[in-house]
Amino acid sequence: MIIKKATKKDIPILLKFMMDLQEFEQGFCDRVRADSKARDLFENGFIKKRITNPDYLFLIAWEGNQPAGIISGWKEYVSYAYKNEYVALICQLIVDPEFRGKGVGKKLVEKITEEFRNI
C-alpha cells in the first residue's frame with residue numbers, strides 16, 4: 001500500500017469517497033443529503049477550495065492502482081488554548097468496504113499525523 005498526497009487530478013476520487021459516505025449515512029439519517037447540492041458543496045465548497053492550501057491535507061491510500069481510502073484534515077493555530085501552537089484536526093477518514101479490516105485506516109492516520117508534524 002502506498003499513501004500519497006492528493007492533487008487536483010485526484011478530486012474525482014476524493015469526491016467519490018465523500019459521496020459514497022453521504023449515501024451510506026443517508027440510509028439511516030434523513031437529514032443527510034446525497035444529491036447534487038451535496039456533491040457541489042463537497043467538490044467546490046470543500047475540496048477545490050482547500051486542495052492547494054498547505055494547511056490542509058488530503059491523502060489517498062492506494063492498493064495497486066485502486067484507491068483504498070482517504071483521509072483529510074487541517075492544522076489550525078489556537079494560541080488561546082495551546083500557547084502559540086498549532087493543532088491538527090482530522091475531518092474525514094473513509095475506507096472502501098473492500099479494504100476494511102486490513103489496516104488502511106490506521107496507516108492513513110499514521111501518515112496524516114506524520115505529515116502534520118512537518119507542516
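Look above for the structure.
Residues numbered from 1 in each chain as written. Predicted model: local features only at pLDDT ≥ 70, side-chain atom pairs only at ≥ 80, totals over all residues. Heavy atoms only, no water.

Q: How would you sum up the overall build of the chain? Please name residues and give values.
A: Counting its regular elements, the chain contains four helices and four strands. Starting at the N terminus, the α and β elements of the chain follow one another as β-α-α-β-β-α-β-α. With respect to the three principal axes, the spread of C-alpha positions in the chain is 45 × 35 × 30 Å. Looking at the 119 residues of the chain, the share that counts as buried comes to 37%. Looking at the chain alone, contacts between residues at least 24 apart form 59% of all its contacts between residues at least 6 apart. Mean positive and mean negative side-chain charge positions of the chain (20 and 17 charges, respectively) differ by 3 Å. (Helix = DSSP H or I, 4+ residues; strand = E, 2+ residues; numbered from the N terminus. Buried < 20%, exposed > 50% of the residue type's maximum accessible area, 1.4 Å probe, protein only. Contact = heavy atoms within 4.5 Å. Lys, Arg positive; Asp, Glu negative; His and termini not counted. Charge placed at Lys NZ, Arg CZ, Asp CG, Glu CD.)

Q: So what's going on with the layout of surface pockets? Which residues, and what values?
A: Rolled over the atoms, a probe with the dimensions of a water molecule shows which regions are left empty. What the largest pocket holds in volume is close to 270 Å³. What lines the largest pocket is a set of 13 residues, and nearest its centre among them are Phe17, Asp20, Val95, Asp96 and Pro97. Listed by contribution, the elements that provide at least two residues to the lining of the largest pocket are helix 1 (11-26), strand 3 (66-77) and strand 4 (86-95). Its residues assigned to classes, the lining of the largest pocket comprises eight nonpolar, one polar and four charged. (1 Å grid on protein atoms, 1.4 Å probe; cavity = no way out; pocket = protein on both sides within 12 Å on 5 of 7 lines; lining within 4 Å. Points joined across faces, edges and corners; volume = space filled by probe spheres on them. Nonpolar A, V, L, I, M, F, W, Y, C, P; charged D, E, K, R; others polar.)

Q: Tell me about the packing of helix 1 against helix 2 (residues 36-50), and name the residues and values.
A: As a packed pair, helix 1 and helix 2 sit with axes 10 Å apart at the nearest point and diverge in direction by 135°. Overall, the two elements helix 1 and helix 2 adopt an arrangement that is oblique. When the axes of helix 1 and helix 2 are compared, the crossing they make is right-handed. Residues Ile11, Leu14, Leu15, Met18, Met19 and Gln22 of helix 1 touch helix 2, and the partners they reach there are Ala38, Arg39, Phe42, Glu43, Phe46, Ile47 and Lys48. When its residues are assigned to classes, the contact of helix 1 with helix 2 shows nine nonpolar, one polar and three charged. (Axes fitted to C-alpha atoms, helices over the stretch in contact; angles between N-to-C directions. Parallel < 35°, antiparallel > 145°, perpendicular 65-115°, else oblique. Left-handed = near helix turned anticlockwise from the far one by under 90°.)

The values are spatial; any link to function lies outside them.
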